[in-house]
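# What the coordinates show
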Amino acid sequence: MSIASKQVDKQANKAPDKVKVSGVILVDKPKGMTSQQVVSKVKYLFKSPFHDSKKAGHTGTLDPMATGLLPICLGEATKFSHYQLDADKSYQATILLGSQTDTGDADGQIVTQASIPEFDEASLATIAQQFLGAQQQIPPMYSALKKDGKKLYEYARAGIEVDRPPRDITIKAINLQMIDDTQINLTVTCTKGTYVRVLAEDIAKQLGTLGHLTALRRTRVGNFSIDDAIALSLLEEHGLEERQSWLLPIDACIDIDAELTLTEEQCARVHMGQRLNVFDELTGKLKDYVARMVSDQLSKNSSVDINDDASTHSKANIGLDAPQLLEHEIPIDIRLLNEQGEFLGLGSVSLNGRLQPKKLIQR
């Protein structure tokens with residue numbers, strides 16, 4: 001048999017490429033499982049002889065004791081998971097007063113106890129107001145944050161406490177309700193990086209006692225709600241076709257409305273990594289959006305780094321002085337679509353019309 005014939009036979013016997021499963025599934029995480037265990041289970045449930053679900057990840061860890069909303073990205077959707085990692089999150093929790101554990105929740109060992117003063121709804125409302133707004137929080141020792149390449153909980157298990165720099169957080173909404181003389185119901189919406197366990201301990205201290213969490217449930221991540229999540233047990237009960245029907249689109253994590261439709265030629269160019277000049281298409285709502293985002297960035301940052309060559313090029317072509325040039329060079333993320341209305345990915349566009357492909361999906 002000739003070499004050419006052997007190659008033909010090899011191609012004929014080659015297994016067909018599997019279809020990559022891509023999208024976002026909202027799972028109601030059960031108690032007792034780690035977030036990574038839930039991801040592994042979902043990957044298995046979306047796997048088949050014809051489907052590849054190897055690439056997957058969640059958008060923010062929940063403690064094993066916690067339940068609730070865990071958005072999981074599969075395939076190409078993982079490229080955009082950071083939009084939900086950075087999103088605000090809402091929780092419902094139960095604080096048990098009178099004792100503190102080493103982990104800050106019921107999974108830990110009680111290390112200190114204290115008497116519980118009398119309190120009522122009025123005193124809880126006053127305390128809740130004190131926690132509203134921007135503040136700093138010291139992360140707990142029992143967390144996955146790293147110090148010198150080692151996770152904090154590894155130090156904690158060895159009985160070692162290390163310094164943890166405080167982190168900026170914002171409590172955007174908070175409500176405290178009395179359950180009984182020893183328990184409080186906490187409802188909170190907060191920015192990323194907030195530890196509800198630490199918040200619960202701080203609330204107990206404000207009451208003049210100690211406390212720890214006995215229940216924690218995440219109810220919202222960005223625009224995702226627990227009402228739209230599916231229980232992991234229910235996902236197991238259905239077949240692959242039904243499971244796929246619960247998948248949200250690849251771009252479900254992206255909270256950007258601004259979009260630009262590209263021609264077939266432009267699509268080919270951006271997929272090769274080429275920049276485009278879309279100044280003529282940068283009109284109406286899209287231009288207003290980019291200008292508004294640029295203004296927001298300038299208000300948050302005193303300066304923005306730009307490329308000297310780009311500055312020279314822009315000045316020659318647009319005729320702007322240095323302060324205006326800086327403003328017109330700032331890139332803003334937008335959605336990119338093809339002429340059939342299909343999502344291509346994200347690009348960064350500036351007011352001078354320069355479009356740079358950023359994160360594109362493979363179909």
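As the structure is a prediction and not an experimental result, all values here were calculated from the model.

Another aspect to go through is the sheet that holds strand E21 (residues 354-360). Across the sheet, five strands lie side by side as E17-E19-E20-E21-E18; this open sheet has mixed pairing. Pairing within the sheet leaves two strands with one partner each, and these edge strands are strand E17 (259-261) and strand E18 (276-277). One ladder, built from six bridges, connects strand E19 (residues 332-337) with strand E20 (residues 343-349); its direction is antiparallel. Across the sheet, Ile332 pairs through a bridge with Val349, a residue of E20. Each of E17, E19 and E20 is contacted by helix H10 (residues 284-300), which is oriented at about 155 degrees to E19, the strand it contacts most.

Following the UniProt record, one finds the feature "active site" (unreviewed entry) at Asp63. For Asp63, the position within the fold is in the loop between strand E4 (56-58) and strand E5 (67-74). Contact partners of Asp63, with chain neighbours within four places excluded, come to Lys29, Met33, Asp105 and Arg197.

Bringing the pattern of salt bridges into the picture now. The final tally for this structure, using the stated rule, is ten salt bridges. With a shortest N-O distance of 3.2 Å, Glu161 and Arg164 are connected by a salt bridge. Judged by relative accessible area, Glu161 falls into the exposed class, the value being 63%. Here the salt bridges share partners, and the residues they tie into one network are Lys20, Glu76 and Lys79.

With 89% of its residues at a pLDDT of 70 or more, the chain has an overall mean of 88. The model gives residues 303-325 a pLDDT under 50, and that stretch makes 19 contacts with residues more than four places away or in other chains.

Moving on, we get to the packing of aromatic side chains. Applying the stated rule across the entire model yields one aromatic pair. Here the aromatic rings of Phe80 and Phe343 are separated by 5.6 Å at their centres, their planes lie at 70 degrees, and the arrangement is edge-to-face. Here Phe343 lies in strand E20 and Phe80 lies in the loop between E5 and helix H3 (82-85), a separation of 263 residues in the sequence. Judged by relative accessible area, which is 0%, Phe80 ranks as buried. The exposure class assigned to Phe343 is buried, which follows from its relative accessible area of 7%. Cation over ring: Lys150 sits above Tyr155, and NZ or CZ is 4.9 Å from the ring centre.

Looking at where Ser48 falls in the secondary structure, it is placed in the loop between helix H2 (35-45) and strand E3 (51-52). Classification of Ser48 as buried rests on a relative accessible area of 13%. In terms of polar contacts, Ser48 uses its side chain to reach the side chain of His51, at 2.6 Å. With sequence-adjacent residues up to four places away left out, Ser48 is seen in contact with Lys18 and Leu240.

Burial in H2 covers these residues: Ser35, Val38, Val39, Val42 and Leu45. Relative to the axis of H2, the buried residues are bounded by an arc of 125 degrees and lie together on one face. Buried-residue contacts for H2 involve strand E2 (23-29), E4, E5, helix H7 (232-237) and helix H8 (240-245).

This brings us to the pairing of E20. With seven of seven residues buried, E20 lies mostly within the body of the structure. The loop that links E19 with its antiparallel partner E20 comprises five residues; one of these, Gly341, has a positive phi angle of about 80 degrees. The pairing of E20 with E21 spans five bridges and is antiparallel. Bridge assignment links Leu346 to a residue of E21, and that residue is Lys359. Here E20 hands over to E21 after four residues, with Gly353 in that stretch at a positive phi of 95 degrees.

What follows deals with the state of the cysteines. In the structure shown here, the tally under the stated rule is zero disulfides. Cys73 forms no disulfide, and the closest cysteine sulfur to it belongs to Cys253, at a distance of 3.6 Å. Cys73 gets classed as buried once you look at its relative accessible area, which sits at 0%. According to the relative accessible area criterion, Cys253 is buried, its value standing at 0%.

About the cut-offs
Residues numbered from 1 in each chain as written. Predicted model: local features only at pLDDT ≥ 70, side-chain atom pairs only at ≥ 80, totals over all residues. Heavy atoms only, no water. Pairing = 2+ DSSP bridges. Helix = DSSP H or I, 4+ residues; strand = E, 2+ residues; numbered from the N terminus. Contact = heavy atoms within 4.5 Å. Axes fitted to C-alpha atoms, helices over the stretch in contact; angles between N-to-C directions. UniProt positions renumbered as here; feature names shortened; annotations may be inferred. Salt bridge = Lys/Arg side-chain N within 4 Å of Asp/Glu carboxyl O. Buried < 20%, exposed > 50% of the residue type's maximum accessible area, 1.4 Å probe, protein only. pLDDT = per-residue confidence, 0-100. Phe/Tyr/Trp six-rings, centres within 6.5 Å; stacked < 30°, edge-to-face > 60°. Lys NZ or Arg CZ within 6 Å of the ring centre and 35° of its normal. Polar contact = N/O pair within 3.5 Å; in protein donor to acceptor, adjacent residues only side chain to side chain. Arc of directions from axis to C-beta. Disulfide = S-S within 2.5 Å.

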